[in-house]
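Residue-level structure breakdown
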Amino acid sequence: MNKTVFVCGFSQESNSFNPTLTELEVFRGYEIFEGGEAPEKPVCLPDANGMLEFLKEAGVEIKCGVIMRAGSGGPVNHDTVDYFLSHTLLHLQRAGKVDGITVAMHGATVSDKTEDVCGFILEELRKAVGEEVPISASFDLHANITDKVVKNADYVSGFQAYPHLDQKETGIRAAKRLYERLLGDGGKLVKVSIPMIAPAHGYTTTKGALNQLVNRAKALVQSGEILDYTIFEVQPWLNVSDLQTTVIVIAKDEEKAKAVAADLAAENFAICQELLGEELFTIEQVIDKALKNKSGKPVVLVDSADSPNAGANADSAAVIEKVLPYRDVLKCAVAVTDVAAVEKVERLGVGAVDDFELGASIAPKLSSPVLVKNAKVISIHEGTFYLYGPQTKGLKCSLGKTVVLKAGKILIHVSSCGKAEGDLNFYRSFGIEPTECDLVQVKACTSFRAGYEPLAAEICNTDTPGAAGTDLLKLPFDKRPKPLYPFEEIGETDISEAKSFR
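Reference entry: report on the structure contained in this document. (Residues numbered from 1 in each chain as written. Predicted model: local features only at pLDDT ≥ 70, side-chain atom pairs only at ≥ 80, totals over all residues. Heavy atoms only, no water.)

**Quick notes on the overall build of the chain**
Each helix and strand in the chain was counted, giving 14 helices and 19 strands. Since a compact globule built from 502 residues should have a radius of gyration of about 23 Å, the 23 Å found for the chain is in line with a globular shape. With 502 residues in all, the chain has 60% of them scored as buried. About 19,300 Å² of surface is accessible on the chain, with carbon and sulfur atoms providing 48% of the total. One way to put it: in the chain the 53 positive side-chain charges average out to a point 3 Å from where the 69 negative ones average out. (Helix = DSSP H or I, 4+ residues; strand = E, 2+ residues; numbered from the N terminus. Rg over C-alpha atoms; globule rule 2.2 N^0.38 Å. Buried < 20%, exposed > 50% of the residue type's maximum accessible area, 1.4 Å probe, protein only. Areas by Shrake-Rupley, 256 points an atom, 1.4 Å probe, with all protein chains shown as cover. Lys, Arg positive; Asp, Glu negative; His and termini not counted. Charge placed at Lys NZ, Arg CZ, Asp CG, Glu CD.)

See below:
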């Protein structure tokens with residue numbers, strides 16, 4: 001096919017309750033691809049790699065803008081958005097006439113200047129190429145799909161699995177939608193919005209009602225009734241005025257797309273209470289489980305409220321405080337981000353024994369520091385490790401300087417930057433073996449389960465403090481729309497009409 005497709009990507013998941021802006025240097029830590037010709041090696045965004053792979057195999061000419069990502073964190077410094085756009089638009093201008101654009105994004109991204117970074121980027125790309133050039137975008141399952149997004153993107157494809165095991169495949173789907181359009185055989189996108197949010201720890205696509213809904217939607221694709229779908233269970237820690245769960249359906253026939261989207265949205269609304277998840281354990285209850293556990297496998301304490309993958313700071317020491325009284329009887333793996341503590345350890349050196357104040361170093365309003373007495377410095381590391389996966393297996397991750405302290409039987413992983421805390425190698429790469437512990441703290445929501453479920457005696461969602469708080473009603477939302485479940489009760493009449501925007 002004698003066509004040219006422009007590929008770019010900007011991905012970051014924002015948490016409005018994290019007070020620290022995500023700066024350009026954080027993106028640089030993930031190796032920014034600066035654009036031009038198609039890259040010779042994989043880039044930092046799995047869905048962008050899926051796009052590039054599909055388009056290469058399809059035989060189209062590929063030109064690239066900037067491809068960049070950061071992990072979850074506080075809102076993005078808008079200067080970083082401007083950096084992406086200015087460089088990407090320059091590459092787009094240099095590419096000359098393009099027949100289509102694919103963009104890899106996250107979708108739950110805000111900056112210090114806009115509540116809808118992805119809609120803003122798509123709007124700028126649309127201005128640059130006009131209304132006739134098709135744009136196809138990939139998103140995380142937790143994206144906030146606004147009207148601005150679908151007014152500017154012809155196609156939207158999101159992750160269909162949570163835990164996220166289909167990132168590259170989603171990029172392939174997005175590129176395929178664009179390719180079919182270039183062949184003159186594209187479908188029509190329809191959007192339905194539901195005014196509800198749910199904490200990410202509360203659901204998974206591998207079981208329960210959401211699993212049944214996803215399987216039903218997949219069957220519609222397999223039967224040929226629709227071309228694509230995504231059920232976007234929006235990331236809830238966005239303090240923004242336009243926030244909703246969204247169902248996207250793409251089909252050859254617009255009326256068919258509308259009917260299916262409305263039906264899936266009604267079923268998604270019907271399971272809204274289940275999506276909130278089961279009742280949370282207290283930290284004390286999980287400790288009691290670990291004390292009584294005789295299986296030889298660890299009890300996993302899920303500290304999702306402080307998950308860096310959900311944009312929290314990973315600086316809470318609340319769990320450390322609760323396990324300290326059991327330091328001589330319970331072998332634990334726990335973690336906290338604390339630059340000052342790391343610097344103190346570096347001054348003291350391996351083998352030193354001292355008292356350490358840990359925690360609340362980034363977001364002091366969300367948790368309190370904890371004093372750990374007579375802790376021994378076990379090791380000091382540069383902080384770089386490679387992810388166990390499975391989906392992101394082999395990717396490089398850097399935590400900055402990282403140290404391990406030991407207080408009795410408690411092993412404390414202290415890093416300069418919290419990342420990938422649900423990955424098994426987060427502990428293993430620093431000499432802490434989870435399977436040899438009685439209790440393992442995991443600061444993650446759901447994606448960690450792929451690695452931990454095979455080796456855990458029990459996995460316990462736990463009520464802990466943090467920017468990704470599991471009890472949404474306790475968080476200081478002041479911009480959210482109304483009504484919005486679970487803050488207000490909603491009914492089927494609150495679900496939007498199925499609508500096509502392009």
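Now that the structure has been shown, the text picks up again.
**Comments concerning the sheet that holds strand β4 (residues 100–105)**
Taking strand neighbours across the sheet as the criterion, the 6 strands line up as β2-β3-β1-β4-β5-β6 in an open arrangement whose pairing is mixed. Two strands bound the open sheet, and with one partner strand each, they are β2 (36–37) and β6 (155–158). As judged from the 2 bridges shared by β2 and strand β3 (residues 61–69), these two strands associate in the antiparallel manner. Looking across to β3, one finds that Glu-37 is bridged to Lys-63. Sheet strands in contact with helix α2 (residues 46–58) are β1 (4–11), β3, β4 and β5 (135–139), and its direction is about 155° off that of β4. (Pairing = 2+ DSSP bridges. Contact = heavy atoms within 4.5 Å. Axes fitted to C-alpha atoms, helices over the stretch in contact; angles between N-to-C directions.)

**Observations concerning the packing of aromatic side chains**
In the structure shown here, the tally under the stated rule is 10 aromatic pairs. A ring pair is formed by Phe-448 and Tyr-452, whose centres lie 6.1 Å apart and whose planes are at 65°; its orientation type is edge-to-face. We classify Phe-448 as buried; its relative accessible area is 2%. Geometrically, the ring pair formed by Phe-477 and Phe-487 is edge-to-face, given 5.3 Å between the ring centres and 75° between the ring planes. Residue Phe-477 is located in the segment after β19 (458–461), and its partner Phe-487 is located in the segment after β19; the two are separated by 10 residues in the primary sequence. Judged by relative accessible area, Phe-477 falls into the buried class, the value being 13%. An aromatic cluster of three or more residues is present, and its members are Phe-10, Phe-27 and Phe-84. Sitting above the plane of the Tyr-388 ring, Lys-393 keeps its charged end 5.0 Å from the centroid. Its guanidinium or amino end placed over the ring of Phe-487, Arg-480 lies 4.2 Å from that ring's centre, counting from NZ or CZ. (Phe/Tyr/Trp six-rings, centres within 6.5 Å; stacked < 30°, edge-to-face > 60°. Lys NZ or Arg CZ within 6 Å of the ring centre and 35° of its normal.)

**A word on the packing of α2 against helix α6 (residues 167–182)**
Interhelical geometry of α2 versus α6 gives an angle of 45° and a closest axis separation of 6 Å. Judged on the interaxial angle alone, α6 and α2 are oblique. Seen along the crossing, α2 lies across α6 with a hand that is right-handed. Listed contacts from α6 to Pro-46, Asp-47, Gly-50, Met-51, Glu-53, Phe-54, Leu-55 and Ala-58 of α2 are Gln-167, Lys-168, Gly-171, Ile-172, Ala-174, Ala-175, Lys-176 and Tyr-179. (Parallel < 35°, antiparallel > 145°, perpendicular 65-115°, else oblique. Left-handed = near helix turned anticlockwise from the far one by under 90°.)

**Comments concerning the sheet that holds strand β8 (residues 228–232)**
Strand pairing in a sheet takes place through backbone hydrogen bonds and is either antiparallel or parallel in direction. If you walk across this open sheet you meet the 3 strands as β7-β9-β8, and the pairing is antiparallel. Strands at the two margins of the open sheet, each flanked by one partner only, are β7 (188–194) and β8. For this sheet, the mean angle separating the axes of adjacent strands, direction not counted, is 10°. Across 7 bridges, β7 lies against strand β9 (residues 245–251) in antiparallel orientation. Residue Val-190 lies in a different strand from β9, and its bridge partner there is Val-249. Where helix α8 (residues 254–270) meets the sheet, its contacts fall on β7, β8 and β9, and the angle it forms with β7 comes to roughly 25°.

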